[in-house]
Amino acid sequence: MMRACLAGLLALVLGACAQRSAWTLPVRDVTPQQLALTAPAGRLPGIARPEAYRAELDLDPRETHFSGHVEIDIRMQGAATGLWLHGDGLHVSAVTATAGGETVEATWTEMPGMGVVWVGFPRRLEARRVTLAVDYEAPFNTSLAGLFRVGSQGRFYALAKSESTEARRFLPGFDEPAFKAVFELSITVPAGMHAIANTPEVSRAPARAGFETIRFAPTRPLPTYLLSASVGEFDRVERPAIPANGVRRREVPLTGYARAGKGEELGYALALTPSVVRAFEEMLGEPYPYPKLDLVAAPEWPSGATELAGAITYRESRILKPPNAGPAFIRSLTELHVHEIAHMWFGNLVTPPWWNDLWLKESFAVWSESAVLALLMPDGDNGVGSVVDGLSAMSADSLASARAVAGPVLRNEDIRSAYDAITYSKGQAVIRMVDQYFTPERFRPALGRYIARFADGNADSADFFEAISEATGEPAIGRVFESFVTKPGVPVVEAALTCKATGPEIALRQSRYKPLGSGIDPAALWTIPVCVAWEDGANSGRSCTLLETASDVMRLKGAMCPSLIVPNADGAGYYRFNLPAEGWSALGEAFTRLPAAEALAALDSAEAAFNAGGMEKDAWLAILMPAFSHPDAAVVAAAFADAEHLLRQLGMSPAARDLRTAISARLDTQMAATGAELEARLAAFRALTLHDTAARSELRRRLDTFLSGAGGLSSDEYLPALRVAFADGGAEAFGAVLEARPQIDDAAFTQAVADAIGAVVQPDLARSAEDLMIDGTLGPNASYSIASSLMANPLHRAKTWARLKSDFPAFLAVIPSQSRRATPRLARVFCDPAIVPELDALFTEHAALATGHAQSLAETKEYLSLCAVQAEAARTAFAR
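Residues numbered from 1 in each chain as written. Predicted model: local features only at pLDDT ≥ 70, side-chain atom pairs only at ≥ 80, totals over all residues. Heavy atoms only, no water.

1. Quick look at the overall build of the chain
And then number 1: Looking only at helices and strands, the chain features 27 helices and 30 strands.
And then number 2: Taking 880 residues into account, the globule formula puts the C-alpha radius of gyration at 29 Å, and the chain, at 29 Å, falls close to it.
And then number 3: Projected onto its principal axes, the C-alpha coordinates of the chain cover approximately 110 × 70 × 55 Å.
And then number 4: The proportion of buried residues among the 880 residues of the chain is 57%. (Helix = DSSP H or I, 4+ residues; strand = E, 2+ residues; numbered from the N terminus. Rg over C-alpha atoms; globule rule 2.2 N^0.38 Å. Buried < 20%, exposed > 50% of the residue type's maximum accessible area, 1.4 Å probe, protein only.)

As structure tokens, this is what we get:
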């Protein structure tokens, strides 16, 4: 009886164990064709979520391939026969899955061209957790994506560009921003080479002969797009740790890395870093979130920089400060550095779950440039730069095909299209508008509370709208953000002043801006914070309202009957304005004493009114010409840009010649603004736009001196001097510049060569430039720039376009992969819709090679039509 009882008990136990087994029923085989029908083109299904990665990479930049092993701890939402994850071009040798103490072999089926993989199980998985292990190797990428290698001065460097969907090229995993996990990384490298990752090094041990393995500390939860892995013979630049403060109780180690021989040029950025970090911490009330901060200057990088957590990586031409750095170069470097540090909070600590909410990281990083620099340099007039940036977005936002700041991104191939002026520049302008209207004292601490609430997690637009309204106690903030972020287009506010016995009032009416030739429906509504600056004799002031309806009336408190109104006080609003004729006339007469931000907003609104057919050319010139005499350099620079655009519209007409003469006379007699940055811009404008012979000769002389090794040319002057040399110097200058370039060893100079080379006049030199464009001699970024430069020159446009069409696959192969989506924009210089059929044919034939080009193509086709209509209207107006 006892034996029978024990046998029965054993049977029950074994039966219970069988029921709890992680692996049960066998799984039927599925063909790749069947899998392709269900493969996710965008977001993964979400049934599986990673919790931790343990990754080992073997990286030797001198070789063509690398290898890796990764283990991923995954939490399952339910039973599964397999799971979808990401992998792109990896040669997988082994895949296993472990659950419930049992390990099974799995299958690895990559969907060609999609970057997604089906990992199939031999039996049905019942457990809630599984560990996936993958062994693989892959070639280093050749298009500055994923894990790539670049050579410079005889040395090679390996770098990981993970954003946006490139981590899957070197690490199998869940390559979406929603999937934040802890990463433990070790890298085996040639002995003596530096290896950089997101966290500090914790151990170093010998590997095979001549190699060592470096292990790094576990990360905080990160998405894959923030992963860092850089290996090479870098100069390592040590700096004192960023000291603790009232917000952060610990020090933060600070280190710089640059290619051999360039370490000293990281000094400026490293010196700036502690004060920038402190400014963010004090503004947000949240400490810097990572255990260290490295600045890595990459010899080549597809964008200006990427905010890899704790190891920000830059294209060296954007972060190294050479001895001859000009003020514009330094300003750009400073803004970029602040931008990337901002991401440590906006995007890294709090991450949008998907790319349709990219603005929650990029818009805030751009906004932070001026917000933080204004705190650090209160006399630097940094707010003017953010006004210029916001106005620059309005051109793209004036298209009917414009997308919203936060719009649907359904496919992986469309993700990079969200990295544009709408996300970066419009987004920051909307944030600035809210910050100014509702005051920094209320808005910025609320941002800190939003970050604290979602730290180490994800937040989408709806989360942000709700959180920021709650944190400020002001529901209108959420309404303003939602109206500007979720719909495309530029509002235009018409403002008509009426003086009554009861006091002055302004009738306001809003609509969507519609340029000439556009099919836009102007009927649209936003929640617009409208502020109007006014002058009433010696009296002045400003009045504000929240315009939420199509029209409203604003009373001007404290004014009798203003002689002047500016319906965008401080240039803080993301909208254009229009005035009756007498209002514009008063603005023109007072233009040179307007604050810079208001002058910039007025200049943009006037140009927009002219291009919409709502302003006569004399009224437009009455705003443009005084802008050259404004005392602020940013306003004069904006006038240069507007004049260049108008002169392109006028082409070779007599009106263009007369306009150049008038502008030149104005600059000679009534220019008030000064400064080194403006001086460089003025020299370039005189030489390149006004065709001033003396200015061209002086730039040419200074370039010759520079090429001889005697200096005398700042980095701000590289581009105009090179354009003059290529245009006027013929084959002698062409050869001298290209021969000197490697010896100069300045990435900013190389980029300027690529941007300027299309100015050559001789056809044989243009063909030589085309060869450089196709063979990639100057680098991937330079190849795209050479194409843009040649297309901008009417002398070579047709033949360069023909070369691009005939060699399009080769051209796409040599430029950065993330630039391929933008290639339709190369055709914008035609300013003629007749080119559209060729454009359509080109991208129909090569659609698979230029993934994500649809948005750029649609915008370019619309632009070509509008450009032609507006140029014809301008020529007609000036002919009269």
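2. A few points about the environment of Asp807
And then number 1: Among the secondary structure elements, Asp807 is positioned in the loop between α24 (797-806) and α25 (808-814).
And then number 2: What makes Asp807 partly exposed here is its relative accessible area of 24%.
And then number 3: Each C-alpha atom of the pair Asp807 and Thr98 lies 49 Å from the other, and the pair is 709 residues apart in sequence.
And then number 4: Polar contacts involving the side chain of Asp807 include one to the side chain of Arg803, which spans 2.7 Å. (Polar contact = N/O pair within 3.5 Å; in protein donor to acceptor, adjacent residues only side chain to side chain.)

3. So, the state of the cysteines
And then number 1: What the rule picks out here adds up to 3 disulfides.
And then number 2: Between the sulfur atoms of Cys499 and its disulfide mate Cys561 the distance is 1.9 Å. Every disulfide takes its handedness from the sign of the S-S torsion; for Cys499 and Cys561 that torsion is 90°, giving right-handed. With a gap of 62 residues between them, Cys499 in strand β24 (residues 491-500) and Cys561 in the loop between β28 (551-555) and β29 (564-566) connect regions that are remote in the sequence.
And then number 3: Shown here is the disulfide that connects Cys831 with Cys867, its sulfur atoms set 1.9 Å apart. Taking the sign of the S-S torsion, about -105° here, the bridge from Cys831 to Cys867 comes out left-handed. Of the two residues, Cys831 sits in the loop between α25 and α26 (836-845) while Cys867 sits in helix α27 (residues 854-879), which places them 36 residues apart along the sequence.
And then number 4: Overall, the relative accessible area of 17% leaves Cys867 in the buried class.
And then number 5: For the chain, the disulfide bridges join cysteines in the arrangement 1-4, 2-3, 5-6, where the cysteines are counted in sequence order. (Disulfide = S-S within 2.5 Å.)

4. Some points on the packing of aromatic side chains
And then number 1: Counted by the stated rule, this structure contains 44 aromatic pairs.
And then number 2: Ring centres 5.0 Å apart and planes at 55° place the aromatic pair Tyr157 and Phe234 in the tilted group. Residue Tyr157 is located in strand β11 (residues 155-161), and its partner Phe234 is located in strand β17 (residues 234-242); the two are separated by 77 residues in the primary sequence. Across the pair, Phe234 and Tyr157 agree in class, each one buried.
And then number 3: Ring pairing ties together the aromatic residues Phe346, Trp359, Phe364, Trp367, Phe443, Tyr450, Phe454, Phe464, Phe465 and Phe481, which thus form one cluster.
And then number 4: Looking at Arg416, its charged tip hangs above the ring of Tyr419, at a distance of 3.7 Å from the centre. (Phe/Tyr/Trp six-rings, centres within 6.5 Å; stacked < 30°, edge-to-face > 60°. Lys NZ or Arg CZ within 6 Å of the ring centre and 35° of its normal.)

5. Remarks on the pairing of strand β9 (residues 129-139)
And then number 1: Here strand β3 (residues 65-76) runs beside β9; their pairing, made up of 11 bridges, is antiparallel. Paired with Ile74 across the strands is Val130, a residue of β9.
And then number 2: Here strand β5 (residues 91-99) pairs with β9 via 7 bridges, running antiparallel. In the sheet register, His91 faces β9, and the bridge partner there is Glu137. (Pairing = 2+ DSSP bridges.)

6. A look at the pattern of salt bridges
And then number 1: Under the criterion given, the structure shown has 57 salt bridges.
And then number 2: Here Asp745 and Arg259 are joined by a salt bridge, their closest N and O atoms 2.7 Å apart. Taken together, the residues span a long stretch of sequence, with Asp745 in the loop between α20 (730-744) and α21 (747-756) and Arg259 in strand β18 (residues 252-259) at a distance of 486 residues.
And then number 3: Its relative accessible area of 3% is what places Arg259 among the buried residues.
And then number 4: In this structure, a network of salt bridges that share partners links the residues Arg767, Glu770, Asp771, Arg803 and Asp807. (Salt bridge = Lys/Arg side-chain N within 4 Å of Asp/Glu carboxyl O.)

7. Focus on the sheet that holds strand β27 (residues 539-547)
Sheet strands associate in pairs through backbone hydrogen bonding, adopting either a parallel or an antiparallel arrangement.
And then number 1: Judged by pairing direction, the sheet is antiparallel, and its 3 strands sit side by side in the order β27-β26-β29 without closing on themselves. Edge strands, defined here as strands with exactly one partner in the open sheet, are β27 and β29. Taken over all neighbouring pairs, the strand axes of this sheet differ in orientation by 20° on average, direction set aside.
And then number 2: Alignment of strand β26 (residues 528-536) against β29, held across 3 bridges, turns out to be antiparallel. Within β29, the residue paired with Trp534 across the bridge is Ile565. (Axes fitted to C-alpha atoms, helices over the stretch in contact; angles between N-to-C directions.)

8. Observations regarding the packing of helix α22 (residues 763-775) against helix α23 (residues 780-791)
And then number 1: Put simply, α22 and α23 touch, their axes get as near as 8 Å, and they point 150° apart. Overall, the two elements α22 and α23 adopt an arrangement that is roughly antiparallel. Like other packed secondary-structure pairs, α22 and α23 cross with a definite hand, here left-handed. On α23, the residues touching Ala766, Ala769, Glu770, Leu772 and Met773 of α22 are Ser783, Ile786, Ala787 and Leu790.
And then number 2: Residue composition of the contact of α22 with α23, grouped by class: 7 nonpolar, 1 polar and 1 charged. (Parallel < 35°, antiparallel > 145°, perpendicular 65-115°, else oblique. Left-handed = near helix turned anticlockwise from the far one by under 90°. Contact = heavy atoms within 4.5 Å. Nonpolar A, V, L, I, M, F, W, Y, C, P; charged D, E, K, R; others polar.)

9. A short note on the packing of helix α14 (residues 617-627) against helix α16 (residues 654-670)
And then number 1: Relative orientation of the contacting elements α14 and α16 amounts to 40°, with a least axis distance of 10 Å. Relative to α16, α14 is oriented oblique. Seen from α14, the contacting residues are Leu621, Met625 and Pro626; seen from α16, they are Leu659, Ala662, Ile663 and Arg666.
And then number 2: Residue composition of the contact of α14 with α16, grouped by class: 6 nonpolar, no polar and 1 charged.

10. Here we look at the sheet that holds β5
And then number 1: The strand order across the open sheet built from 8 strands is β6-β5-β9-β3-β2-β12-β15-β14, with neighbouring strands paired in mixed fashion. Every interior strand has two partners, whereas the edge strands, β6 (102-105) and β14 (201-206), have only one. This sheet shows a mean twist of 20° between the axes of neighbouring strands, independent of strand direction.
And then number 2: Summarising the sheet, strand β2 (residues 48-58) and β3 pair through 10 bridges and their orientation is antiparallel. Note on β3: the bridge partner recorded for Arg54 is Glu71.

11. Re the side chain of Gln649
And then number 1: Note that Gln649 resides in helix α15 (residues 633-650).
And then number 2: Reaching out from Gln649, the side chain makes a polar contact with the side chain of Asn611 at a distance of 3.3 Å.

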